[in-house]
Amino acid sequence: MGDTTFGLLHPGEMGAAVGACLTGRGYVVLWTPEGRSAATVARAEAAGLTAAGSLADLAGRADVIVSVCPPHAALDVARQVAGFAGVYVDANAVSPATAREVAGIVEAGGAAFVDGGIIGPPPAAPGDTRLYLSGGRAPEVGRLFEGTALDARLVDRDDGPVGVVGSASAVKMAYAAWTKGTAALVLAARGLARAEGVEDTLLAEWALSQPGLVDRSARAARSAAAKGWRWIAEMEQIAAAMAAAGLPEGFHQAAAEIYRRSRHAPAPTPEAVLGVLGGEPRTVRKKDP
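Calculation rules
Residue positions within a chain follow its written sequence, with the count starting from 1. In view of the model being predicted, local features appear only for residues whose pLDDT reaches at least 70, and side-chain atom pairs are presented and counted only at 80 or more, with totals across whole chains, interfaces and linings using the full set of residues. Hydrogens and water molecules were not included; the side-chain quantities draw on all heavy atoms of the structure. Counting from the N terminus, the helices are the DSSP runs of H or I reaching at least four residues and the strands are the DSSP runs of E reaching at least two. For every residue, the accessible area (1.4 Å probe, protein chains only) is compared with the maximum for its type, and the residue is labelled buried under 20%, exposed over 50%, or partly exposed between those bounds. Whether two residues touch is decided by their heavy atoms; if any such pair falls within 4.5 Å, the residues are in contact. Only the protein chains shown count as cover for residues, with accessible areas throughout obtained via the Shrake-Rupley method and a probe of 1.4 Å. If DSSP finds at least two bridges between two strands, the strands pair. For this analysis, a nonpolar core means a set of buried residues of the types Ala, Val, Leu, Ile, Met, Phe, Trp, Tyr and Cys, connected via side-chain atoms within 4.5 Å. Angles here are taken between N-to-C directions and fall from 0 to 180 degrees, while the axes themselves are lines fitted to C-alpha atoms, restricted in helices to the stretch in contact. Geometric relationships in this document are graded by angle, where less than 35 degrees denotes roughly parallel, more than 145 denotes roughly antiparallel, 65 to 115 denotes roughly perpendicular, and other angles denote oblique. Asp, Glu, Lys and Arg are counted as charged, while Ala, Val, Leu, Ile, Met, Phe, Trp, Tyr, Cys and Pro are counted as nonpolar; the rest, among them Gly, fall into the polar class. Take the residue count of a helix, subtract one, and multiply by 1.5 Å to get its expected span. Crossing handedness follows the turn of the near helix against the far one: under a right angle anticlockwise gives a left-handed crossing, and clockwise gives a right-handed one.

A. The overall build of the protein chain, seen in detail. What the protein chain contains, in helices and strands, is 11 helices and 8 strands. Based on the C-alpha atoms only, the size of the protein chain along its principal axes is roughly 85 × 45 × 30 Å. The buried share among the 289 residues of the protein chain stands at 47%. Considering only residue pairs separated by 6 or more positions, the protein chain has 60% of its internal contacts joining residues 24 or more positions apart. Of the roughly 13700 Å² that the protein chain leaves accessible, carbon and sulfur atoms contribute 55%.

Given below as C-alpha coordinates:
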(Lines give C-alpha, C1' and ligand atoms only; values in the text may rest on other atoms or scores of the structure.)
Protein backbone atom coordinates (compact mmCIF):
# COMPACT_ATOMS: atom_id res chain seq x y z
CA MET A 1 0.00 0.00 0.00
CA GLY A 2 2.68 2.47 1.00
CA ASP A 3 5.32 1.46 -1.54
CA THR A 4 4.50 4.28 -3.98
CA THR A 5 6.14 7.64 -3.36
CA PHE A 6 4.34 10.75 -4.53
CA GLY A 7 5.56 14.23 -5.36
CA LEU A 8 3.06 17.07 -4.90
CA LEU A 9 3.30 20.30 -6.86
CA HIS A 10 2.16 22.23 -4.81
CA PRO A 11 0.40 22.22 -1.40
CA GLY A 12 -2.02 25.09 -1.76
CA GLU A 13 -5.43 24.68 -0.15
CA MET A 14 -6.54 22.03 -2.65
CA GLY A 15 -3.12 20.44 -3.12
CA ALA A 16 -2.52 20.02 0.61
CA ALA A 17 -5.92 18.34 1.00
CA VAL A 18 -5.11 15.94 -1.85
CA GLY A 19 -1.75 15.23 -0.22
CA ALA A 20 -3.45 14.54 3.11
CA CYS A 21 -5.64 11.92 1.40
CA LEU A 22 -2.50 10.13 0.26
CA THR A 23 -0.52 10.40 3.50
CA GLY A 24 -3.59 9.17 5.34
CA ARG A 25 -3.39 5.99 3.28
CA GLY A 26 0.24 5.49 4.19
CA TYR A 27 2.03 6.97 1.18
CA VAL A 28 5.06 9.22 1.39
CA VAL A 29 4.21 12.54 -0.29
CA LEU A 30 7.14 14.83 -1.10
CA TRP A 31 6.97 18.57 -1.60
CA THR A 32 9.53 21.39 -1.98
CA PRO A 33 9.38 24.14 0.67
CA GLU A 34 11.96 26.40 -0.98
CA GLY A 35 10.44 29.82 -1.64
CA ARG A 36 7.06 28.90 -0.15
CA SER A 37 5.13 30.98 2.36
CA ALA A 38 4.71 30.21 6.04
CA ALA A 39 1.06 29.39 5.36
CA THR A 40 2.07 26.82 2.75
CA VAL A 41 4.61 25.28 5.13
CA ALA A 42 1.91 25.01 7.81
CA ARG A 43 -0.50 23.33 5.37
CA ALA A 44 2.18 20.87 4.26
CA GLU A 45 3.05 19.95 7.83
CA ALA A 46 -0.62 19.51 8.76
CA ALA A 47 -1.06 17.21 5.75
CA GLY A 48 1.90 15.06 6.78
CA LEU A 49 3.98 15.90 3.71
CA THR A 50 7.73 15.24 3.57
CA ALA A 51 10.09 18.01 2.51
CA ALA A 52 12.40 17.31 -0.44
CA GLY A 53 15.60 19.23 -0.90
CA SER A 54 14.75 20.50 -4.39
CA LEU A 55 12.51 19.85 -7.37
CA ALA A 56 15.24 17.64 -8.83
CA ASP A 57 15.34 15.67 -5.57
CA LEU A 58 11.55 15.30 -5.63
CA ALA A 59 11.53 14.19 -9.26
CA GLY A 60 14.28 11.68 -8.60
CA ARG A 61 12.52 10.06 -5.65
CA ALA A 62 8.86 10.14 -6.68
CA ASP A 63 7.04 7.42 -8.60
CA VAL A 64 4.03 9.63 -9.23
CA ILE A 65 3.91 13.43 -9.40
CA VAL A 66 0.57 15.17 -8.91
CA SER A 67 0.36 18.76 -10.13
CA VAL A 68 -2.28 20.88 -8.38
CA CYS A 69 -1.53 24.52 -9.11
CA PRO A 70 -3.22 27.63 -10.54
CA PRO A 71 -4.03 26.94 -14.20
CA HIS A 72 -1.77 29.69 -15.50
CA ALA A 73 1.21 27.84 -13.98
CA ALA A 74 0.45 24.32 -15.26
CA LEU A 75 2.88 24.40 -18.19
CA ASP A 76 5.75 25.95 -16.23
CA VAL A 77 5.32 23.46 -13.38
CA ALA A 78 5.55 20.59 -15.88
CA ARG A 79 8.73 22.06 -17.36
CA GLN A 80 10.29 22.33 -13.89
CA VAL A 81 10.42 18.54 -13.57
CA ALA A 82 11.50 17.76 -17.13
CA GLY A 83 13.26 14.42 -17.12
CA PHE A 84 10.97 12.85 -14.53
CA ALA A 85 10.36 9.27 -15.65
CA GLY A 86 7.40 8.20 -13.54
CA VAL A 87 3.67 8.97 -13.88
CA TYR A 88 2.77 12.65 -14.08
CA VAL A 89 -0.82 13.54 -13.11
CA ASP A 90 -1.94 17.00 -14.14
CA ALA A 91 -5.01 17.75 -11.99
CA ASN A 92 -5.32 21.40 -12.96
CA ALA A 93 -8.23 23.39 -14.37
CA VAL A 94 -6.94 23.57 -17.94
CA SER A 95 -8.41 23.05 -21.40
CA PRO A 96 -8.02 19.72 -23.19
CA ALA A 97 -5.52 21.39 -25.54
CA THR A 98 -3.41 22.61 -22.61
CA ALA A 99 -3.58 19.15 -21.03
CA ARG A 100 -2.21 17.68 -24.25
CA GLU A 101 0.53 20.31 -24.26
CA VAL A 102 1.50 19.35 -20.71
CA ALA A 103 1.49 15.72 -21.83
CA GLY A 104 3.91 16.55 -24.61
CA ILE A 105 6.30 18.24 -22.18
CA VAL A 106 6.45 15.43 -19.63
CA GLU A 107 6.37 12.59 -22.15
CA ALA A 108 9.36 14.10 -23.94
CA GLY A 109 11.27 13.66 -20.70
CA GLY A 110 10.23 10.03 -20.29
CA ALA A 111 7.14 10.29 -18.06
CA ALA A 112 3.72 8.74 -18.59
CA PHE A 113 0.90 11.29 -18.51
CA VAL A 114 -2.49 11.11 -16.81
CA ASP A 115 -5.03 13.89 -17.31
CA GLY A 116 -7.01 14.90 -14.23
CA GLY A 117 -9.74 17.30 -13.19
CA ILE A 118 -10.89 17.96 -9.62
CA ILE A 119 -14.52 18.87 -8.94
CA GLY A 120 -15.61 19.85 -5.46
CA PRO A 121 -14.03 21.45 -2.40
CA PRO A 122 -10.69 20.39 -0.90
CA PRO A 123 -11.40 16.75 -0.03
CA ALA A 124 -12.16 16.20 3.64
CA ALA A 125 -14.87 13.54 3.72
CA PRO A 126 -15.90 10.80 1.28
CA GLY A 127 -18.44 11.94 -1.28
CA ASP A 128 -17.44 15.62 -1.32
CA THR A 129 -14.89 15.69 -4.12
CA ARG A 130 -14.18 13.82 -7.36
CA LEU A 131 -10.93 13.41 -9.25
CA TYR A 132 -11.73 12.61 -12.88
CA LEU A 133 -8.93 10.80 -14.71
CA SER A 134 -8.14 9.89 -18.31
CA GLY A 135 -5.11 8.51 -20.09
CA GLY A 136 -3.53 5.11 -20.48
CA ARG A 137 -2.44 4.78 -16.85
CA ALA A 138 -5.48 6.43 -15.32
CA PRO A 139 -6.79 3.14 -13.83
CA GLU A 140 -3.51 2.65 -12.00
CA VAL A 141 -3.63 6.17 -10.56
CA GLY A 142 -7.29 5.78 -9.61
CA ARG A 143 -6.51 2.69 -7.56
CA LEU A 144 -3.94 4.64 -5.53
CA PHE A 145 -6.75 6.86 -4.19
CA GLU A 146 -9.00 3.98 -3.14
CA GLY A 147 -10.10 4.31 0.48
CA THR A 148 -9.44 8.06 0.61
CA ALA A 149 -11.77 11.06 0.77
CA LEU A 150 -11.00 11.80 -2.89
CA ASP A 151 -13.27 9.80 -5.21
CA ALA A 152 -11.20 8.94 -8.30
CA ARG A 153 -13.32 8.26 -11.40
CA LEU A 154 -12.26 7.21 -14.89
CA VAL A 155 -13.64 9.14 -17.86
CA ASP A 156 -14.84 7.19 -20.88
CA ARG A 157 -15.87 9.19 -23.93
CA ASP A 158 -19.49 8.95 -25.06
CA ASP A 159 -18.33 7.78 -28.48
CA GLY A 160 -16.49 4.79 -27.10
CA PRO A 161 -12.73 5.44 -26.80
CA VAL A 162 -11.25 5.13 -23.34
CA GLY A 163 -8.08 6.55 -21.91
CA VAL A 164 -8.13 9.70 -24.08
CA VAL A 165 -5.90 12.50 -22.77
CA GLY A 166 -7.96 15.67 -22.43
CA SER A 167 -11.24 13.97 -21.52
CA ALA A 168 -10.88 14.58 -17.78
CA SER A 169 -9.96 18.21 -18.41
CA ALA A 170 -13.01 18.53 -20.67
CA VAL A 171 -15.26 17.41 -17.79
CA LYS A 172 -13.69 20.03 -15.52
CA MET A 173 -14.01 22.77 -18.15
CA ALA A 174 -17.66 22.01 -18.87
CA TYR A 175 -18.50 21.86 -15.17
CA ALA A 176 -16.72 25.09 -14.21
CA ALA A 177 -18.15 26.82 -17.29
CA TRP A 178 -21.47 26.70 -15.44
CA THR A 179 -20.48 27.02 -11.77
CA LYS A 180 -17.89 29.80 -11.99
CA GLY A 181 -19.20 31.23 -15.25
CA THR A 182 -22.67 31.86 -13.82
CA ALA A 183 -21.17 33.26 -10.61
CA ALA A 184 -19.48 35.91 -12.75
CA LEU A 185 -22.72 36.47 -14.68
CA VAL A 186 -24.79 37.11 -11.55
CA LEU A 187 -22.22 39.70 -10.44
CA ALA A 188 -22.35 41.37 -13.86
CA ALA A 189 -26.16 41.43 -13.77
CA ARG A 190 -26.17 43.05 -10.36
CA GLY A 191 -23.51 45.49 -11.51
CA LEU A 192 -25.70 46.54 -14.43
CA ALA A 193 -28.68 47.11 -12.14
CA ARG A 194 -26.52 49.19 -9.80
CA ALA A 195 -25.19 51.30 -12.69
CA GLU A 196 -28.74 52.03 -13.81
CA GLY A 197 -29.98 52.81 -10.30
CA VAL A 198 -32.34 49.82 -10.03
CA GLU A 199 -30.34 47.42 -7.85
CA ASP A 200 -32.87 47.45 -5.00
CA THR A 201 -35.68 46.66 -7.42
CA LEU A 202 -33.69 43.80 -8.96
CA LEU A 203 -32.90 42.33 -5.55
CA ALA A 204 -36.58 42.51 -4.60
CA GLU A 205 -37.56 40.77 -7.86
CA TRP A 206 -34.91 38.10 -7.30
CA ALA A 207 -36.37 37.49 -3.84
CA LEU A 208 -39.79 36.97 -5.43
CA SER A 209 -38.99 34.96 -8.55
CA GLN A 210 -35.45 33.62 -8.03
CA PRO A 211 -35.24 32.55 -4.38
CA GLY A 212 -31.66 32.20 -3.26
CA LEU A 213 -30.15 34.37 -5.99
CA VAL A 214 -29.53 37.30 -3.64
CA ASP A 215 -27.57 35.01 -1.34
CA ARG A 216 -25.80 33.47 -4.32
CA SER A 217 -24.66 36.89 -5.51
CA ALA A 218 -23.22 37.53 -2.04
CA ARG A 219 -21.39 34.18 -2.11
CA ALA A 220 -20.15 34.91 -5.62
CA ALA A 221 -18.75 38.23 -4.42
CA ARG A 222 -16.94 36.61 -1.51
CA SER A 223 -15.45 33.93 -3.75
CA ALA A 224 -14.48 36.42 -6.45
CA ALA A 225 -12.67 38.64 -3.97
CA ALA A 226 -10.82 35.72 -2.38
CA LYS A 227 -10.13 33.45 -5.36
CA GLY A 228 -10.80 35.52 -8.47
CA TRP A 229 -7.08 35.91 -9.11
CA ARG A 230 -6.79 32.20 -9.93
CA TRP A 231 -10.11 31.97 -11.76
CA ILE A 232 -9.02 34.45 -14.44
CA ALA A 233 -6.86 31.85 -16.17
CA GLU A 234 -9.48 29.16 -15.59
CA MET A 235 -12.09 31.22 -17.44
CA GLU A 236 -9.58 31.85 -20.23
CA GLN A 237 -8.92 28.11 -20.44
CA ILE A 238 -12.67 27.48 -20.69
CA ALA A 239 -12.95 30.13 -23.41
CA ALA A 240 -10.18 28.40 -25.35
CA ALA A 241 -11.90 25.04 -24.94
CA MET A 242 -15.17 26.53 -26.20
CA ALA A 243 -13.45 28.05 -29.22
CA ALA A 244 -11.69 24.77 -30.03
CA ALA A 245 -15.08 23.05 -29.98
CA GLY A 246 -16.60 25.65 -32.32
CA LEU A 247 -18.63 27.26 -29.53
CA PRO A 248 -18.77 30.96 -28.59
CA GLU A 249 -15.88 31.91 -26.33
CA GLY A 250 -17.09 35.36 -25.33
CA PHE A 251 -19.09 34.22 -22.30
CA HIS A 252 -16.01 33.12 -20.46
CA GLN A 253 -13.68 35.81 -21.70
CA ALA A 254 -16.14 38.22 -20.07
CA ALA A 255 -16.16 36.07 -16.92
CA ALA A 256 -12.36 36.29 -16.84
CA GLU A 257 -12.65 40.08 -16.94
CA ILE A 258 -15.15 40.05 -14.06
CA TYR A 259 -12.69 38.09 -11.95
CA ARG A 260 -9.79 40.24 -13.11
CA ARG A 261 -11.55 43.31 -11.75
CA SER A 262 -12.86 41.56 -8.63
CA ARG A 263 -9.38 40.83 -7.31
CA HIS A 264 -9.02 44.56 -6.56
CA ALA A 265 -12.02 44.61 -4.21
CA PRO A 266 -11.00 45.96 -0.78
CA ALA A 267 -13.38 43.54 0.99
CA PRO A 268 -15.24 40.29 0.13
CA THR A 269 -18.68 41.91 0.02
CA PRO A 270 -21.09 42.59 -2.85
CA GLU A 271 -20.69 46.32 -2.32
CA ALA A 272 -16.90 46.18 -2.51
CA VAL A 273 -16.82 43.82 -5.50
CA LEU A 274 -19.48 45.74 -7.43
CA GLY A 275 -17.54 48.89 -6.69
CA VAL A 276 -14.52 47.65 -8.67
CA LEU A 277 -16.42 46.04 -11.54
CA GLY A 278 -17.21 49.39 -13.16
CA GLY A 279 -20.61 50.65 -14.18
CA GLU A 280 -20.82 53.29 -11.48
CA PRO A 281 -24.37 54.56 -10.82
CA ARG A 282 -25.40 57.12 -13.40
CA THR A 283 -26.78 60.43 -12.27
CA VAL A 284 -30.00 61.18 -14.15
CA ARG A 285 -31.03 64.83 -14.19
CA LYS A 286 -34.75 65.36 -14.11
CA LYS A 287 -36.17 67.64 -16.75
CA ASP A 288 -37.53 70.94 -15.58
CA PRO A 289 -41.32 70.98 -15.45
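B. Here's a closer look at the pairing of strand β4 (residues 64–67). Across the two faces of β4 the burial is the same, with V64 and V66 and I65 and S67 all buried. Pairing analysis gives 4 bridges linking strand β1 (residues 5–9) to β4, with the strands arranged parallel. Looking across to β4, one finds that L8 is bridged to V66. As judged from the 4 bridges shared by β4 and strand β5 (residues 87–90), these two strands associate in the parallel manner.

C. Summary view of the nonpolar core. In this structure, F6 and V89 are the most contacted members of the largest nonpolar core, which totals 29 residues. Going through the elements one at a time, β1, α1 (13–23), β2 (28–31), β4, β5, β6 (112–119), β7 (129–134) and α6 (138–144) are the ones with two or more residues in this core. The contacts of F6, once residues within four sequence positions are left out, are L22, Y27, V28, V29, L30, A62, V64, V66 and L144. Within the second largest apolar cluster, 28 residues are counted, among which are A93, L203, M242 and V273.

D. Layout of the packing of helix α8 (residues 199–209) against helix α9 (residues 213–244). Contact geometry of α8 with α9 gives a least axis separation of 8 Å together with a crossing angle of 120 degrees. As far as their axial angle goes, α9 and α8 are oblique. Across the interface between the two elements, L203, W206 and A207 from α8 touch L213, V214 and S217 from α9. Tallied by class, residues from the contact of α8 with α9 come to 5 nonpolar, 1 polar and no charged.

E. Summary view of helix α10 (residues 250–262). End to end, α10 covers 18 Å across 13 residues, agreeing with the expected 18 Å (1.5 Å per residue, within 8%). Tucked inside the fold, the buried residues of α10 contact α7 (167–195), α9 and α11 (270–277).

F. Layout of the environment of A112. Tracing the backbone through its elements, the reader meets A112 in strand β6. A112 sits 23 residues away from G135 along the chain, and the two C-alpha atoms are 9.0 Å apart.

G. Representation of the packing of α7 against α10 in the model. It is at 9 Å that the axes of α7 and α10 come closest, and there the two elements cross at 65 degrees. The two elements α7 and α10 cross, and the hand of that crossing is left-handed. On α10, the residues that touch A177, K180, G181, A183, A184, L187 and A188 of α7 are H252, A255, I258 and Y259. Counted by class, the contact of α7 with α10 contains 8 nonpolar, 2 polar and 1 charged residues.

H. Structural view of the environment of G116. With respect to the helices and strands, the residue G116 is situated in strand β6. Residue G116 is classed as buried on the basis of its relative accessible area, which comes to 0%. A C-alpha to C-alpha distance of 26 Å links G116 and E257, two positions 141 residues apart in sequence. Apart from the residues lying within four places of it in its own chain, the contact partners of G116 are D90, A91, N92, L131, Y132, L133, A168 and S169.

I. Main features of the sheet that holds β2. Read from one edge of the open sheet, 8 strands run β3-β2-β1-β4-β5-β6-β7-β8, paired in mixed fashion. Among the strands making up the open sheet, the edge pair consists of β3 (50–51) and β8 (150–154). Pairing of β6 with β7 involves 5 bridges; the strand directions are antiparallel. Looking across to β7, one finds that I119 is bridged to R130. The sheet strands contacting α1 are β1, β2, β6 and β8, and the helix crosses β1 at an angle near 170 degrees. Docked against the sheet, α7 engages β6 and β7, running at close to 20 degrees with respect to β6.

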